Amino acid sequence: MDERVHAHAETLVDWSARIEDGDDVVLRVSEGAHDLAVAVAEKLGDRGANIVTVYDSAEVGRAYLQAHDGEFEADPEYELALYENADSVLSLGGGRNTTALADVPGERRQAAGKAKEAIREARLDTDWVSTVHPTRSLAQQAGMAYEAYRDFVYDAVLRDWESLAEEMGRLKEILDDGTEVRIVGEGTDISMSIANRVAVNSAASVAYDSHNLPSGEVFTAPADTEGEVTFDVPMTINDRRVRDVHLVFEDGEVVDYAAQQGEDVVGDLLDTDAGAKRLGELGIGMNRGIDHPTDTILFDEKMGGTVHMALGRAYGSNFPEGYEDEQNESAVHADLIRDMGEGSRMEVDGEVVQRDGLFRWEDGFGGSEGEQREPSKSERGGTTRE
């Protein structure tokens, strides 16, 4: 076994999930992630944890959904109990077919998702962490040779997380102190309130309220979104290809949308429930070990020089005490990614924080740190939350 698999497992168990003696762990293993599962199980045994292993297969899921009549039982008790009694849930992605569910009707997938809302909440109440084992199917989706893809994955996963956490802490402080973010670029001029929010320094560890490995982003929960945004990084949503999605927001909700490819997928997402028309997340990618898109959201949303916005569910970690009731609720959380390269900028309260993909503390950032730009829509007469 590649020694990097063992290093991946050690990072997941020790740095990311912080597993301790006696912890009850659910290990969800996708097709193709067998080697990583073996290495993780060894580490869990060494730490004295308890383990229940669950086989997680997209092809098995497809067979079930295709055969089902669509009337799903709400939150089966036996499955709910598993997650309600778990301390940690470790999910190892890496299937044989990245589009296994492509021919399952969207309304059936939505119904299945809605039927497991309590199960999803119970899982998210644990110290859960998701990661990916490099497989040939993921390499093919990324358009890379398998060997090159493995190197890419481990470059993103096996990082000096403490140093990256320190750098990302600088952006967290800016967002925590700010009230409005504006993002400008080709096909994009969008503003959103971040008042009364706590940004998360997503340093790939539950100790930072971060649940992905790799990670490398700072994210918050926006509100009162106004303007338009174009997401120019192609991706797969619900096993369907989506490209150049354009959204228009008024009073915090999507009022118009278009896409060069996969427009019906976007429409299905927006129709899921009322919360799916609002943003649940604004994330800023800061992992420079991820330097190009691979059509896998776990990596692509962390890519340095990008931002992503998620339609749907917000994370409770972004809401301080007293503001929990402002959390956007939805059965979906669908990320869309925008490159912040040449011609783009991000402002916080009118001050440029990032330009052309570089932060103001990085070499090559042009202009002065306090440079002011034209006022945003809310500053020109719209509303900004107090």
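Residues numbered from 1 in each chain as written. Predicted model: local features only at pLDDT ≥ 70, side-chain atom pairs only at ≥ 80, totals over all residues. Heavy atoms only, no water.

**Quick notes on the overall build of the chain**
Secondary structure assignment for the chain yields eleven helices and 19 strands. Taking the principal axes of its C-alpha atoms as reference, the chain extends roughly 55 × 45 × 45 Å. Residue pairs in contact within the chain that sit at least 24 positions apart in sequence constitute 72% of those at least 6 positions apart. Taking the 36 positively charged and 82 negatively charged side chains of the chain as two groups, their mean positions are separated by 4 Å. (Helix = DSSP H or I, 4+ residues; strand = E, 2+ residues; numbered from the N terminus. Contact = heavy atoms within 4.5 Å. Lys, Arg positive; Asp, Glu negative; His and termini not counted. Charge placed at Lys NZ, Arg CZ, Asp CG, Glu CD.)

**Some thoughts on the confidence of the model for the chain**
The predicted model of the chain has a mean per-residue pLDDT of 92, with 95% of residues at 70 or higher. Counting interchain partners and residues more than four positions distant, the pLDDT-below-50 stretch residues 368–386 has 41 contacts. (pLDDT = per-residue confidence, 0-100.)

**Topic: the sheet that holds strand β7 (residues 200–202)**
Strand order in the open sheet made by the five strands is β7-β9-β14-β15-β16, with antiparallel pairing throughout. Strands with a single pairing partner mark the edges of an open sheet, and in this sheet they are β7 and β16 (333–339). Taking each pair of neighbouring strands and ignoring which way they run, the sheet shows an average axis angle of 25 degrees. (Pairing = 2+ DSSP bridges. Axes fitted to C-alpha atoms, helices over the stretch in contact; angles between N-to-C directions.)

**Quick look at helix α4 (residues 77–84)**
Inspection of α4 places E79, L80 and Y83 among the buried residues, and these make up the whole buried set. Looking down the long axis of α4, one finds its buried residues gathered within 100 degrees of arc, a one-sided arrangement. Of the exposed residues in α4, the ones pointing more than 90 degrees away from its buried face are E77 and Y78. Looking at the packing, one finds that the buried side of α4 touches β1 (24–30), β3 (88–93) and α6 (117–124). (Buried < 20%, exposed > 50% of the residue type's maximum accessible area, 1.4 Å probe, protein only. Arc of directions from axis to C-beta.)

**Focus: the packing of α4 against α6**
The geometry of α4 relative to α6 is characterised by a closest axis approach of 8 Å and an angle of 15 degrees between their N-to-C directions. Comparing the axis directions of α4 and α6 gives the class roughly parallel. Crossing hand, α4 versus α6: left-handed. In contact with E79, L80, Y83 and E84 of α4, α6 contributes A118, I119, A122 and R123. Across the contact of α4 with α6, the residue classes tally to five nonpolar, no polar and three charged. (Parallel < 35°, antiparallel > 145°, perpendicular 65-115°, else oblique. Left-handed = near helix turned anticlockwise from the far one by under 90°. Nonpolar A, V, L, I, M, F, W, Y, C, P; charged D, E, K, R; others polar.)

**Notes on the side chain of D295**
Relative to the elements of secondary structure, D295 occurs in the loop between β14 (279–285) and α11 (297–300). For D295, a relative accessible area of 11% translates into the label buried. A polar contact of 2.7 Å, which involves the side chain of D295, links it to the side chain of T236. (Polar contact = N/O pair within 3.5 Å; in protein donor to acceptor, adjacent residues only side chain to side chain.)

**Regarding the sheet that holds strand β8 (residues 212–213)**
With parallel pairing, five strands are arranged side by side in an open sheet as β2-β1-β3-β4-β8. With partners counted over all chains shown, the strands left at the sheet margins are β2 (50–56) and β8, one partner each. Relative to the sheet, helix α1 (residues 3–16) contacts β3, β4 (129–132) and β8, its axis offset from that of β4 by approximately 165 degrees.

**Some words on the pattern of salt bridges**
What the rule picks out here adds up to 21 salt bridges. Between R4 and D151 there is a salt bridge, and its shortest N-O distance comes to 2.8 Å. Here the residue R4 occupies a position in helix α1, and D151 occupies one in helix α8 (residues 146–157), the gap between them amounting to 147 residues. Under the relative-accessibility criterion, D151 is labelled partly exposed at 36%. In this structure, R197 and E326 form a salt bridge, with 3.0 Å as the shortest nitrogen-oxygen distance. Pair noted here: R197 is in the loop between β6 (188–193) and β7 and E326 is in the loop between β15 (306–312) and β16, with a separation of 129 residues, a long-range link. Via salt bridges that share partners, D2, R4, R150 and D151 belong to a single interconnected network. (Salt bridge = Lys/Arg side-chain N within 4 Å of Asp/Glu carboxyl O.)

**Considerations on the environment of Y154**
By the element assignment, Y154 lies in helix α8. Relative accessible area serves as the criterion here: at 4%, Y154 is assigned to the buried category. Sequence spacing of Y154 and P134 is 20 residues, and the spatial spacing of their C-alpha atoms is 8.7 Å.

**With respect to the environment of D325**
Positionally, D325 belongs in the loop between β15 and β16. Linking D325 and A111, residues 214 residues apart in sequence, is a C-alpha distance of 25 Å.

**Details of the layout of surface pockets**
Considering only enclosed or pocket space, the second largest pocket measures out at about 170 Å³ in volume. P222, A223, R278, L279 and N328 are, among the 16 residues lining the second largest pocket, the residues nearest its centre. Considering every element that reaches the lining of the second largest pocket, the biggest residue donor is strand β10 (residues 223–231), with three residues. A per-class count over the lining of the second largest pocket returns six nonpolar, five polar and five charged. (1 Å grid on protein atoms, 1.4 Å probe; cavity = no way out; pocket = protein on both sides within 12 Å on 5 of 7 lines; lining within 4 Å. Points joined across faces, edges and corners; volume = space filled by probe spheres on them.)

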